[in-house]
Amino acid sequence: MNHTQPLILGIESSCDETGVGLVRGTTLLTNTVSSSMEEHIRFGGVIPEIASRAHLDAFVPTLQKALDDAGVGLEDVDAIAVTSGPGLAGALMVGVSAAKALALATGKPLYAINHLVAHVGVGLLDESIPGVGDNGGLPTNLGALLVSGGHTEILRVRSISSDVELLGATIDDAAGEAFDKVARLLGLNYPGGPAVDRLAKEGNAKAVRFPRGLTMPKYMGTAVAPGPHRYDFSFSGLKTAVARCVEGYEARGEEIPVADIAASFQEAVLDVITAKAVLACREQGITTLLMGGGVAANSRLRVLAQQRCAAAGITLLVPKMSLCTDNGAMVAALGAQLAMNGVAPSKLSFAPDSSMPVTSISL
Amino acid sequence: MRILTIDTSAIASAAVLEFDPLDPVRTTELVANFATDDTRSHAEVLAPGVKSLFKDPVAEGPALDAIVVGTGPGPFTGLRSGIAMARTLSFTWGVPLYGMMSLDALAQQVFDTPARRDGRAVGPLAMGDFVVATDARRKEVYWAKYNAGAHLLDGPHVGPANQISGVLVFGAGAGLYLDVLENNGCSIHLEFAQAQPTALELGRAAARRITAAGSLQAAGLLASTPLYLRESDAKVPGPRKRAL
Ligand SMILES: [Zn+2]
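Counting starts from 1 at the beginning of each chain's written sequence and moves along it residue by residue. Note on labels: chains are lettered from A, ligands numbered from 1, in written order. A pLDDT threshold of at least 70 governs which residues receive local features in this predicted model, and a stricter bar of 80 or more applies before side-chain atom pairs are shown or counted, although totals over entire chains, interfaces and linings include all residues. Water and hydrogen atoms play no part in the side-chain values, which are based on all heavy atoms of the structure.

**Some remarks on the overall build of chain B**
Alright, step 1. Summing up its helical and strand segments, chain B has seven helices and 12 strands in all.
Alright, step 2. For a compact globule the rule gives 2.2 Å times the number of residues to the power 0.38, and the radius of gyration it is set against comes from C-alpha atoms. Here the C-alpha atoms of chain B give a radius of gyration of 19 Å, agreeing with the 18 Å that 2.2 N^0.38 yields for 244 residues.
Alright, step 3. Principal-axis analysis of the C-alpha atoms places the extent of chain B at approximately 70 × 50 × 30 Å.
Alright, step 4. When accessible area is computed with a 1.4 Å probe and restricted to protein chains, residues below 20% of their type maximum are described as buried, those above 50% as exposed, and intermediate ones as partly exposed. Within chain B, buried positions represent 51% of all 244 residues.
Alright, step 5. Should any heavy atoms of two residues lie within 4.5 Å, those residues are considered in contact. A fraction of 61% describes how many contacts in chain B between residues 6 or more apart in sequence connect residues 24 or more apart.
Alright, step 6. What sets the accessible areas is the Shrake-Rupley method with a 1.4 Å probe; for residues, cover comes only from the shown protein chains. Carbon and sulfur atoms form 50% of the exposed surface of chain B, whose accessible area is close to 10700 Å². Segments assigned H or I by DSSP are reported as helices when at least four residues long, segments assigned E as strands when at least two residues long, and all are numbered from the N terminus.

**Side note on the overall build of chain A**
Alright, step 1. Along its length, chain A carries 12 helices and 10 strands.
Alright, step 2. Compactness check: chain A gives a C-alpha radius of gyration of 20 Å against a globular reference of 21 Å for 363 residues, within 12% of the reference.
Alright, step 3. Once the C-alpha set of chain A is aligned to its principal axes, its extents read approximately 65 × 45 × 35 Å.
Alright, step 4. Here chain A holds 363 residues, and 59% of them are scored as buried.
Alright, step 5. Here the analysis covers contacts within chain A between residues at least 6 apart in sequence; of these, 74% occur between residues at least 24 apart.
Alright, step 6. Total accessible area on chain A is roughly 13100 Å²; 51% of this is exposed by carbon and sulfur atoms.
Alright, step 7. The centroid of the 27 positive side-chain charges in chain A is displaced by 6 Å from the centroid of its 35 negative side-chain charges. Within this scheme the basic residues Lys and Arg register as positive and the acidic residues Asp and Glu register as negative, but His and the chain ends are omitted. In plain terms, the charge of a residue is placed at NZ if it is Lys, CZ if Arg, CG if Asp and CD if Glu.

**Focus on empty space enclosed by the protein**
Alright, step 1. For each structure, a 1 Å grid was placed over the protein atoms alone; sets of points admitting a 1.4 Å probe that cannot get out are labelled cavities, open sets with protein on both sides within 12 Å along at least five of seven lines are labelled pockets, and lining residues have an atom within 4 Å of a point. Grid points are joined across faces, edges and corners, and a volume is the space filled by probe spheres set on the points. According to the stated counting rule, one finds one cavity of 30 Å³ or more in the structure shown.
Alright, step 2. Looking at the largest cavity, its volume works out to about 40 Å³.
Alright, step 3. Around the largest cavity sit Val96, Ser97 and Lys100 of chain A together with His42, Ala43, Leu46, Ala47, Ser81 and Met85 of chain B, which together line it.
Alright, step 4. For the lining of the largest cavity, the secondary-structure elements that each account for two or more residues are helix 3 (89-106) of chain A together with helix 1 (42-51) and helix 3 (76-93) of chain B.
Alright, step 5. With four residues, helix 1 of chain B is the largest single contributor of residues to the lining of the largest cavity.
Alright, step 6. Of the residues contributing to the lining of the largest cavity, the split by class is five nonpolar, three polar and one charged. Asp, Glu, Lys and Arg are counted as charged, while Ala, Val, Leu, Ile, Met, Phe, Trp, Tyr, Cys and Pro are counted as nonpolar; the rest, among them Gly, fall into the polar class.

**Considerations on the interface of chain A and chain B**
Alright, step 1. The interface is formed by 38 residues belonging to chain A together with 36 residues belonging to chain B.
Alright, step 2. When the two sides are added together, the surface that chain A and chain B hide from each other amounts to roughly 3200 Å², 68% of it contributed by carbon and sulfur.
Alright, step 3. A 1.4 Å probe defines the accessible area here, and the buried area is the portion of it lost by two parts on being joined, summed over both. Interface area lost by chain A to chain B is led by Arg53, Leu56 and Leu104 of chain A, which between them contribute 21%.
Alright, step 4. We define a salt bridge as a contact between a side-chain nitrogen of Lys or Arg and a carboxyl oxygen of Asp or Glu at a distance within 4 Å. Run the count over chain A and chain B and you get two salt bridges.
Alright, step 5. A salt bridge links Asp57 of chain A to Arg87 of chain B; its shortest N-O distance comes to 2.9 Å.
Alright, step 6. Whenever a nitrogen or oxygen atom comes within 3.5 Å of another N or O atom, the pair is scored as a polar contact, on the condition that within protein one atom can donate a hydrogen and the other can accept it, and that pairs from neighbouring residues in sequence are kept only if both atoms are in side chains. Across the chain A-chain B interface, the total number found is six residue pairs in polar contact (both at pLDDT 80 or more).
Alright, step 7. Only helix 2 (48-70), helix 3, helix 5 (175-185) and helix 8 (236-251) of chain A provide two or more residues apiece to the side of chain A that touches chain B.

**Details of the layout of surface pockets**
Alright, step 1. Its volume calculated, the largest pocket comes out at about 1300 Å³.
Alright, step 2. Along the walls of the largest pocket sit 45 residues, with Ser148, Gly149, Gly150, Gly176 and Asp180 of chain A positioned nearest its centre.
Alright, step 3. If you list the elements that add at least two residues to the lining of the largest pocket, you get helix 4 (115-121), helix 5, helix 6 (192-200) and helix 11 (321-324) of chain A.
Alright, step 4. Taken together, 34 residues form the lining of the second largest pocket, with Arg40, Pro75, Thr77, Gly78 and Arg137 of chain B sitting closest to its centre.
Alright, step 5. Elements represented by at least two residues in the lining of the second largest pocket include exactly helix 3 of chain A together with helix 1, helix 3, strand 8 (130-135) and helix 5 (172-176) of chain B.
Alright, step 6. When the residues that make up the lining of the second largest pocket are grouped by side-chain class, the tally is 13 nonpolar, 12 polar and nine charged.

**A word on the packing of aromatic side chains**
Alright, step 1. Here a pair means two rings of Phe, Tyr or Trp (six-membered ring of Trp) with centres within 6.5 Å. Their orientation is stacked below 30 degrees between planes, edge-to-face above 60, and tilted elsewhere. In total, this model carries seven aromatic pairs over all chains according to the counting rule given.
Alright, step 2. For the pair Phe130 of chain B and Phe170 of chain B, a centre-to-centre distance of 5.5 Å together with 85 degrees between the ring planes defines the contact as edge-to-face. Of the two residues, Phe130 of chain B is situated in strand 8 and Phe170 of chain B in strand 11 (residues 168-170); the sequence distance between them amounts to 40 residues. For the pair Phe130 of chain B and Phe170 of chain B, a shared accessibility class is recorded, and that class is buried.
Alright, step 3. What links up through ring pairs into an aromatic cluster is the set Phe130, Tyr146, Phe170 and Phe192 of chain B.
Alright, step 4. Over the ring of Tyr228 of chain B we find Arg53 of chain A, and its NZ or CZ is 3.8 Å from the ring centre.
Alright, step 5. Two conditions define a charge sitting above a ring: the NZ of Lys or the CZ of Arg must be within 6 Å of the ring centre, and it must be within 35 degrees of the ring normal. Against the face of Phe350 of chain A rests Lys100 of chain A, its NZ or CZ located 4.6 Å from the ring centre.

**Overview of the confidence of the model for chain B**
Alright, step 1. On a scale of 0 to 100, pLDDT captures the predictor's confidence in every residue. Residues with a pLDDT of 70 or more make up 97% of chain B, whose mean pLDDT is 93.
Alright, step 2. Quick note on the complex model: pTM equals 0.95, ipTM equals 0.95.

**Points about the environment of Leu63 of chain A**
Alright, step 1. With respect to the helices and strands, Leu63 of chain A occurs in helix 2.
Alright, step 2. A relative accessible area of 0% places Leu63 of chain A in the buried class.
Alright, step 3. Between the C-alpha atoms of Leu63 of chain A and Thr32 of chain A, which are 31 residues apart in sequence, the distance is 8.0 Å.
Alright, step 4. In contact with Leu63 of chain A, not counting residues within four places along its chain, are Leu9, Val20 and Leu102 of chain A together with Phe91 of chain B.

**Quick notes on the coordination of the zinc ion**
Residues and elements named next belong to chain A.
Alright, step 1. Coordinating donors are taken as N, O and S atoms within 2.8 Å of the metal, stretched to 3.2 Å for Na, K and Ca; because water is absent from the atoms, sites can appear incomplete. On the protein side, the zinc ion has His115 (NE2), His119 (NE2), His151 (NE2) and Asp326 (OD) as donor atoms, found 2.1 to 2.4 Å from it.
Alright, step 2. For the zinc ion, the single-chain donor residues occur in sequence as H-x3-H-x31-H-x174-D. In this pair, His115 sits in helix 4 while Asp326 sits in the loop between helix 11 and helix 12 (328-340), placing the two residues 211 residues apart along the sequence.
Alright, step 3. Relative accessible area serves as the criterion here: at 11%, Asp326 is assigned to the buried category.

Put into structure tokens, the structure is as follows:
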């Protein structure tokens, strides 16, 4: 294998995007994504079985298109990387089975990698991010804030290929999931994130004071004696509060101020996310925070994160959106880091792990 | 002609078989075979199992004449693992891919198994129409009806075992619902009460069909589209209840 600039083919199928990406070292060659999002709209959320069926049918065409777009053949590839978790079990199974077939049919090494860590590794591919790529590596004292329909986490990244730590995570719904559910309460379409973001611009974020999950002292503790959920999130109580609020207006026969509720809900989510992320950075000596996941597209999150990071002297990095949402290039990017750092490939007998912890960067 | 067959509709299995499509008399030769006992470890075992069928898969794979994959019916996640594997091998090696209904494998096995008396083969096991059934979970079976020559008459279906009546029933689905079936006037062959579709029998059924037709193209094999038989279970949410 070429260990200095390996050509890696990355496969992603943990949720509703079938992604195949090709990366040479830290250079993005192609990022091909086929989404089953349209098929989930009428259900108001991702239906795992529908996503799995779509992955099966999308995989080979997506692979073919990625190879065509990059102008490479499978024989040129040095190694294959695939998301082995965390994610939807049935969806992961499709990508993993296909990746194993590719590995055994070509004789190339296979890396079973962690989806969350791949969201961080993708930062290496975005040459528009200042600092990244100058020395071919990620900044030191790096943290990551991942916010999507499937996950909400704060990570500390000491080494992308060998040392990643989970500082905080949601204990119930993911942030993007809360956006979807609240969008439905307000009569907006799936996906809820963009719909709430748009409507919130016309509303007053201070109109309703919604609860900030896990911010009470008994959960937070102090820097020296942290509580049980100092950097964790919870959004299910918030979702219930929004439902009660909407029902209150209905019971009183009043018109529901949907824009105000959308703005107030969004502020409640993003206030906690950014406050806890910055708190974690300050207390853990993190000086650069990389944002990832589909919710990174939210305009208010970008503004709030930028303001709070700047005030705390933290550099905020946000890769371009096509790299923030789930894709195969991020899987390839992490695979390339593992190959370049001499990490041993995975055995053909690994099983996908729908709750793979971030401490396990590859299997 | 050398084919690779994969079936993950129940257990995970794969086989390489060789036969002459122009010589129906010559028996199909098994080159290599792999099968699990259980129905829940496809993710781990299938790829090493397929690999173990070859000395050098990278060189031998492209020389195959076809890949035949069992298209179910079967539990979805396991079924997809085999089809995803087969489609990707077909793409990578440039080998044509065909599908076959997985229950055909069990029907073929019934057809190949003679009835014995005092240890001697005395004739076919099924003298007339018969049904093969596998476990569809949720208290249901996947089933199909065949004639004595193992040609499909009806199915595949999914439903409770009491849909089947007055017929000889083979397969793990029959073993699971013995009482229901016997109350329905069915008879169960205990030798087949745990039998599952396997890639080996699927390959034999494919070879029989190909030699009968004289060529792969004329054999009327299916595409690799999975036979789910059930919808995704997703429900479109109704309008939210208003608090009045
Ligand atoms: Zn993700």
